[in-house]
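# Chain and residue survey
So you can see what is in the structure, the chains are spelled out below.
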2 protein chains.
Amino acid sequence: MRSVVMEAPGKVVVNEVEKPTLLEPTDAIIKLAASCICGSDLWPYRGADAKPVDHRAMGHEYIGEVVEVGSEVTTVAPGDFVVGSFCISCGECETCTAGYPSRCLKAIAAGDTYIGMRSNGTQAEYARVPFADGTLVKTPATPTEEQIPHLMAASDVLGTGWYAADAAQAGPGKTIVVVGDGAVGLSAVIGAKQLGAEKIIIMSRNPERQALAKEFGATHIVEERGEEGIAKVLELTDGVGAHGVAEAVGSQQSFDQALGCVRHGGYIGFVGVPHDSAIGTDKLFDKQVHLEGGPAPVRKYLPTLIDLIYKGEIEPGKVFDLVLPIDEAAKGYEAMDQRTATKVLLTMP
Amino acid sequence: MRSVVMEAPGKVVVNEVEKPTLLEPTDAIIKLAASCICGSDLWPYRGADAKPVDHRAMGHEYIGEVVEVGSEVTTVAPGDFVVGSFCISCGECETCTAGYPSRCLKAIAAGDTYIGMRSNGTQAEYARVPFADGTLVKTPATPTEEQIPHLMAASDVLGTGWYAADAAQAGPGKTIVVVGDGAVGLSAVIGAKQLGAEKIIIMSRNPERQALAKEFGATHIVEERGEEGIAKVLELTDGVGAHGVAEAVGSQQSFDQALGCVRHGGYIGFVGVPHDSAIGTDKLFDKQVHLEGGPAPVRKYLPTLIDLIYKGEIEPGKVFDLVLPIDEAAKGYEAMDQRTATKVLLTMP
């Protein structure tokens, strides 16, 4: 089968490899209906990843049909169409049941929660999913062609943006700022809107992304950055700042922006994978801010997200603005790296 | 009247100054029944404060009798005995009503929320309290001699420790770690206990403080620090870590300790005034921790704290292990700096 491999930073190839097989009785093998490239895949692509990139099988977002399950799997069966979280979770341990499935204790003990670090990667025709019962969610029906991108988004970016909005305490009457206009930031707008936020301000300079953000529910656009951007947000919030900020980048600049935009006693949900960023505790103390972030507990949100997609209430797949066959994955990485594409969907042969 | 003044780092004197007078119709003047020295007063004493120390009137903790009120004050009157928060709050603005009175927007707009930065300081015989209605709470009766230290503690350290425990989500069935065995850390033990925590672990090497922590409700003591201390906490929590950590120091070491002891998806409440400490967002992301801290919303807790004190259910005044007349304030600073005293109560002539 085909598998996307990053041989070294900047060098993506598609190899022919063996299909994955069941290794544990809790595993499932799925035949992917589609895959995609994540903003976080750009960190190793750009040589900015802490772990060595050497011949890494890529991909952690996936939807598809179950083709084989281990003897202990009970909730999904061959023939079922499933959406999985980018993090593996048993569904039974203390952190899973506390609502943090992406920090599953069993998955951590077994090596890693990130599926991309534990299998052949999901930018591939088939994938092995550990802890299938705790990680996968069956859809109510085999999706239509139109539903494929929406479900694909649910596997990571939609759930991740949703988590940022949730951790930012988006809700009725609230003003939420979204820092970052990538696929996750745009998904945070969907989350904030669905959770009932009254005013949704996205910081964006890109006309196409601004338009999509508005379609998703953004009520205001702030093009300015840094101190000027903060001043604009204060202007839009009676000088008080936003109730919550969804941070969807992970850089020092975006954290500073989030802290500047949030009100005293407010909430910051952060989901951008942090790179070389730190927060002075004096700043947190002064603003008395609530900070929560990490790998999104997508599995927790999946039933809700799938339901909204099948009801046609959200169309998160609109974040995909480039569709390529898996054989052309390298072009997809290049397009995202050059920012000529927001997010790339990879189709299977 | 007498007023404690820090002329320069390490140099504390007691000056004779004019009594404060009403400046605003929302002010009250109180005659202090006692005052005390705070752990945070040691930062300027040690020359580690960002703001210049030059002739600073000291003190921000206070209890006493109202002697005069402005024309707009309605909830307290001359003759009332009151406990006040170390932060000024109007009680009506958006952050006050949202539960963050120490970040009162009106107080910030007027210059500062910290009463010590806005008045003559409360290590003095009299003090002016701005926004008296939003800042002061009347006690049910004039306190006995025994109740004085308990109420004194409520003005800051008890409420601050309580907030750390509250932000750490102390509650039934929870395991809470307290980092710091000063007056605030010991008060966090009281808070954790009252909020219903099942296991309360305090990190302490000092036998007297350990004994008081146990009296307050600590179930376990960990003497080790750094990685060894973290290992001990993991041992006491089935390898998972604590549900919540109350951080009551503010140093880099104590933040690292807190992050090491908390479980994935857990809570850190931090109340130690941060000095030269920062948190790598990658660490927060990895642990998916909730972080909340700042100047404690003591005013919010005061009615509960006063009630518990009058019912005799808590005895927070036991954190005072040295009582000195205000004229000997310099000795008190020295004792706290040298750690021969945990917390010093200053009596009035």
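Everything in this summary refers to the structure shown in the same document.

The rules behind each value
- Every chain is numbered on its own, with residues counted from 1 as its sequence reads.
- Both sets of labels track the order of writing: A upward for chains, 1 upward for ligands.
- Restriction of local features to residues with pLDDT of at least 70 applies here, the model being predicted, together with a cutoff of 80 or more for giving and counting side-chain atom pairs; totals for whole chains, interfaces and linings are based on all residues.
- Excluded from the side-chain calculations are hydrogens and water; all other atoms, namely the structure's heavy atoms, are used.
- The helix count covers DSSP runs of H or I at least four residues long, the strand count covers runs of E at least two residues long, and both are numbered beginning at the N terminus.
- Working definition: with a 1.4 Å probe on protein chains only, accessible area under 20% of the residue-type maximum means buried, over 50% means exposed, and in between means partly exposed.
- Fitting a line to C-alpha atoms yields each axis, with helices limited to the stretch in contact; the angle taken between N-to-C directions then spans 0 to 180 degrees.
- Reported orientations rely on four angle classes, namely roughly parallel under 35 degrees, roughly antiparallel over 145, roughly perpendicular from 65 to 115, and oblique for the rest.
- Each helix crossing is assigned a hand: it is left-handed if the near helix lies turned anticlockwise from the far helix by less than a right angle, otherwise right-handed if that turn is clockwise.
- Should any heavy atoms of two residues lie within 4.5 Å, those residues are considered in contact.
- Strand pairing requires that DSSP identify at least two bridges connecting the strands.
- For this overlay, a least-squares fit was computed on C-alpha atoms, restricted to residues scoring pLDDT of at least 70 in both copies.
- By definition, the buried area sums, over both parts, the 1.4 Å-probe accessible area that each loses when the two are put together.
- The salt bridge definition used is simple: a Lys or Arg side-chain nitrogen within 4 Å of an Asp or Glu carboxyl oxygen.
- A 3.5 Å cut-off defines polar contacts: any pair of N or O atoms within that distance qualifies, except that in protein one atom must be a possible hydrogen donor and the other a possible acceptor, and neighbouring residues in sequence count only when both atoms are side-chain atoms.

Let us look at unusual backbone geometry. Residue and element names in this part refer to chain B. One non-glycine residue, Phe131, lies in the positive phi region at around 45°. As for its placement among the helices and strands, Phe131 is situated in the loop between β7 (126-129) and α4 (132-135). A relative accessible area of 18% means that Phe131 is categorised as buried.

So, on to the packing of helix α9 (residues 226-236) of chain B against helix α10 (residues 252-261) of chain B. Residues and elements named next belong to chain B. Between α9 and α10, the shortest axis-to-axis distance is 9 Å and the interhelical angle comes to 30°. One element, α9, and the other, α10, form an angle in the roughly parallel class. The two elements α9 and α10 cross, and the hand of that crossing is right-handed. Of the residues in α10, those touching α9 at Gly226, Gly229, Ile230 and Val233 are Asp256, Gln257, Gly260 and Cys261.

Next up on the list: the pairing of strand β2 (residues 11-16) of chain B. Residue and element names in this part refer to chain B. As paired elements, strand β1 (residues 2-8) and β2 share six bridges and run antiparallel to each other. The partner of Ser3 across the bridge, within β2, is Asn15. Here β1 folds back onto β2, and the loop between the two strands holds two residues, one of which, Gly10, carries a positive phi near 85°.

Turning our eyes to something else, we now look at the relation of the copies chain A and chain B. Superposition record for chain A on chain B: RMSD 0.0 Å, screw rotation 180°, translation along axis 0.0 Å. Seen this way, the second copy is the image of the first under a two-fold rotation axis. Of the residues that chain A buries at the interface, 100% are likewise interface residues in chain B, meaning the two copies contact each other through the same surface.

In this section: the interface of chain A and chain B. Contact residues are listed per partner, giving 40 residues for chain A and 40 residues for chain B. With both sides pooled, the region where chain A packs onto chain B buries about 3100 Å², and carbon together with sulfur makes up 60% of that total. Summed over the three residues of chain A that lose the most area to chain B, namely Thr281, Phe285 and Gln288 of chain A, the buried surface amounts to 26% of that side. Counting across the chain A and chain B interface gives four salt bridges. Residue Glu94 of chain A is joined to Arg263 of chain B by a salt bridge in which the shortest nitrogen-to-oxygen separation is 2.9 Å. Counting every contact that joins chain A to chain B gives 16 residue pairs in polar contact (both at pLDDT 80 or more). Taken together, the elements giving at least two residues each to the side of chain A that touches chain B come down to α2 (94-97), α3 (105-109), β13 (262-270), β14 (278-280), α11 (281-287) and β15 (290-293) of chain A.

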